[in-house]
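The chain contents come next:
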Amino acid sequence: MPPAPRTRNTAPPREDVLAAVMATVAERGLDGLTMAGLGREVGMSSGHLLYYFRTKDELLLQTLEWSENRLGAERRRLLSRPATVRERLDQYIGLYLPAGHRDPHWTLWLEVWNRSRDAGDDARVRQAAIEGAWHRDLVALLAEGVSRGELRRVDADRFATRLRALLDGFSVHVAVGLPGTGREHVLDQVREFLDESLSLDG
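What this report covers is the structure whose coordinates are included nearby. (Residues numbered from 1 in each chain as written. Predicted model: local features only at pLDDT ≥ 70, side-chain atom pairs only at ≥ 80, totals over all residues. Heavy atoms only, no water.)

According to the stated counting rule, one finds eight aromatic pairs in the structure shown. Their ring planes at 70 degrees and their centres at 5.7 Å tell us that Trp106 and Trp113 sit as a pair that is edge-to-face. Overall, the relative accessible area of 25% leaves Trp113 in the partly exposed class. Ring centres 4.9 Å apart and planes at 35 degrees place the aromatic pair Trp109 and Trp113 in the tilted group. With Trp109 and Trp113 both in helix H6 (residues 104–115), this residue pair falls four residues apart, about one helical turn. Each member of the aromatic cluster is reached from another via a ring pair, and the members are Tyr92, Tyr96, Trp106, Trp109, Trp113 and Trp134. In this structure, Arg75 packs its charged tip against the face of Trp134, placed 4.2 Å from the ring centre. (Phe/Tyr/Trp six-rings, centres within 6.5 Å; stacked < 30°, edge-to-face > 60°. Buried < 20%, exposed > 50% of the residue type's maximum accessible area, 1.4 Å probe, protein only. Helix = DSSP H or I, 4+ residues; strand = E, 2+ residues; numbered from the N terminus. Lys NZ or Arg CZ within 6 Å of the ring centre and 35° of its normal.)

Take a look at the structure:
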């Protein structure tokens, strides 16, 4: 049986709103995202949206958390595959980096980072939780590679911190479209760095 049509006073599921935010960012960028426009997209007034999300900052952060949950599921799937540690590390990096210029997920990340200067403690804790999930998975993968003798012996936590800083810097360049830093060029650079840093033959 098809779902009943949504009445004017019925709020759409939260996930529908967050998916609409991401679709708008992908199609028109952050400048094209307004509460009024989003309300028209999901059949809510901007007042109703503010009732549920309180502020645009909160809406953006919840959308980022929703997107990260989806990426987290994909990351766990990739890292649990029967492959070498280095193959899974390459897959982790491929998932981490933006798909290209104006990648909507990274566009959202950059905006949330920019707004975090004035964010409250709760928002900072939630951002740290997102960062922490990526970090823990990378530390575990590196530690596995060292313990299996597939990677050069390194301090997994320290190396993960440095590698993620490198990936963040490259990701910003890709997301904003800095000339000479396309995704494939960055992937080559990161692979070269990993060969130099983690190869048993290095």
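Don't stop here, the text continues.
So, about empty space enclosed by the protein. Under the definition given, this model contains two cavities of 30 Å³ or more. Taken together, Glu68, Leu71, Leu95, Tyr96, His105, Trp106, Trp109, Trp113, Glu131, Trp134, Arg164 and Asp168 make up the full set of residues lining the largest cavity. Mapped onto the lining of the largest cavity, the elements with two or more residues apiece are helix H4 (56–79), helix H5 (85–96), H6, helix H7 (121–147) and helix H8 (156–176). Element by element, the count of residues in the lining of the largest cavity is highest for H6, at four residues. Its volume calculated, the second largest cavity comes out at about 30 Å³. Forming the boundary of the second largest cavity are Thr24, Arg28, Gly32, Leu33, Thr34, Gly37, Leu38 and Glu41. The element best represented in the lining of the second largest cavity is helix H2 (residues 35–42), accounting for three residues. Here the lining of the second largest cavity is built from residues that sort into two nonpolar, four polar and two charged. (1 Å grid on protein atoms, 1.4 Å probe; cavity = no way out; pocket = protein on both sides within 12 Å on 5 of 7 lines; lining within 4 Å. Points joined across faces, edges and corners; volume = space filled by probe spheres on them. Nonpolar A, V, L, I, M, F, W, Y, C, P; charged D, E, K, R; others polar.)

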